[in-house]
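So you can see what is in the structure, the chains are spelled out below.
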Amino acid sequence: MKKEKMCFSGQRDKKESALGMNSIKSVDIVSNHLTWTPEGIDHPILKDITLTLEPGHIYGIIGPNGAGKSSFLRHVLAFLKTESKESMKIGDVPAADYSRKKLARLLSFVPQKTDLETDFTAEEIVMTGRTPVNDKEAVSRAFSLTKADKLKDKKFAILSGGEKQKIVIARAVAQTTPWMLLDEPIASLDIKNQIEIMQTLLELNRQEGVSVLMVLHDINLAGIYCDRLIMLKDGQVIAAGNTNECLCEENLKKLYDISFFHMDTKKGQRYYYAEI
């Protein structure tokens, strides 16, 4: 992979993520020259992506619509077939060689759409993340970690968007996997709920050692909460690595084809804005 120029963003160094997995053994996620052309399309959606995602971090995948962000995530989950088995591995094993049951012990997933049509209570939804489903201790812990205890007995269908997202994340927590993958977990949520969800993921990473890989569109929340970034455009990696090095005006202009400027807060946080 061509090495892209990195820029220093001036943000505060983030506290290193927790690596003590509390008996959960984590593994690297490795893509090796991953290229993917879906059937019926005459050009690749993913082009020669080579990355090693190490456990213990919060990775944010950012980029414009159609960049291949969700497609990359779905290759990690083995939802999409790779052109070569060796191009996507979980640990030393090709993702495609895992059974769904074994892969579910390593990776939990929160999809874009969580508006499930069901009469289940929130607790019943979270229980579906466990095998066996009657593991009440793990379910109770998932509610506690996501601060969603008050929602336990409510019908999932009547919850707000932010509450539903908390429950679906709690279901992923109940799986007790070393990696959690999320596809746009804060899309369509108000700013308060966005921050609450991102704070929950940060606490899961810091306190429980859960490694996180998620697709985001908010570059500023990605800059604050993710300690690693992957910038995708047209199916290719524009930049990847430490957030403090990746997130800068130069790389953002490459990514979105518009100019950016930044402002720093008294707390040392750097916010980026598109020039209009």
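Quantities reported herein were computed from a predicted structural model and do not represent experimental measurements. (Residues numbered from 1 in each chain as written. Predicted model: local features only at pLDDT ≥ 70, side-chain atom pairs only at ≥ 80, totals over all residues. Heavy atoms only, no water.)

**Considerations on the pattern of salt bridges**
Working step 1: Applying the stated rule across the entire model yields nine salt bridges.
Working step 2: For K89, the salt bridge goes to E86, with nearest N and O atoms at 2.8 Å.
Working step 3: For K89, a relative accessible area of 22% puts it in the partly exposed group.
Working step 4: Across the pair K166 and E196 runs a salt bridge whose closest N-O atoms are separated by 3.2 Å. Taken together, the residues K166 in helix 5 (residues 161–174) and E196 in helix 6 (residues 191–208) connect sequence positions 30 residues apart.
Working step 5: On the accessibility criterion, E196 (26% relative accessible area) is partly exposed. (Salt bridge = Lys/Arg side-chain N within 4 Å of Asp/Glu carboxyl O. Buried < 20%, exposed > 50% of the residue type's maximum accessible area, 1.4 Å probe, protein only. Helix = DSSP H or I, 4+ residues; strand = E, 2+ residues; numbered from the N terminus.)

**Notes on the packing of aromatic side chains**
Working step 1: Under the criterion given, the structure shown has four aromatic pairs.
Working step 2: Their ring planes at 75 degrees and their centres at 5.7 Å tell us that F79 and F109 sit as a pair that is edge-to-face. With F79 in the loop between helix 1 (69–76) and strand 4 (88–90) and F109 in strand 6 (residues 107–110), this residue pair connects regions lying 30 residues apart in the sequence.
Working step 3: In this structure F109 comes out as buried when scored by relative accessible area, which is 18%. (Phe/Tyr/Trp six-rings, centres within 6.5 Å; stacked < 30°, edge-to-face > 60°.)

**With respect to the sheet that holds strand 4**
Working step 1: Spatial ordering of the open sheet is given by 2-1-4-5, a layout of four strands whose pairing is antiparallel. On the outer flanks of this sheet lie strand 2 (46–53) and strand 5 (93–94), each paired with one strand and no other.
Working step 2: As paired elements, strand 4 and strand 5 share two bridges and run antiparallel to each other. Bridge pairing links K89 to P94 in strand 5. (Pairing = 2+ DSSP bridges.)

**Quick look at the nonpolar core**
Working step 1: I62, I167, I169, M180, L201, M214 and M231 are the most contacted members of the largest nonpolar core, which has 51 residues in total.
Working step 2: The element contributing the most residues to this core is helix 5, with seven residues.
Working step 3: Excluding anything up to four places from it in sequence, I62 contacts K69, L216, I219, A222, L229, I230, M231, L232, L247, L255 and Y256.
Working step 4: Judged by nonpolar contacts, the second largest core, of 30 residues, contains L77, I90, V215 and L232. (Core = buried A, V, L, I, M, F, W, Y, C linked by side-chain atoms within 4.5 Å. Contact = heavy atoms within 4.5 Å.)

**Regarding the side chain of R228**
Working step 1: Within the fold, R228 resides in strand 9 (residues 228–233).
Working step 2: Setting aside its immediate chain neighbours within four residues, R228 contacts H57, I58, Y59, G60, G241, N242 and T243.

**A few points about unusual backbone geometry**
Working step 1: A positive phi is found at D48, a non-glycine position, where the angle reads about 55 degrees.
Working step 2: Relative to the assigned elements, D48 resides in strand 2.
Working step 3: For D48, a relative accessible area of 36% gives the class partly exposed.
Working step 4: The phi dihedral of D234 is positive, around 50 degrees, even though this residue is not glycine.

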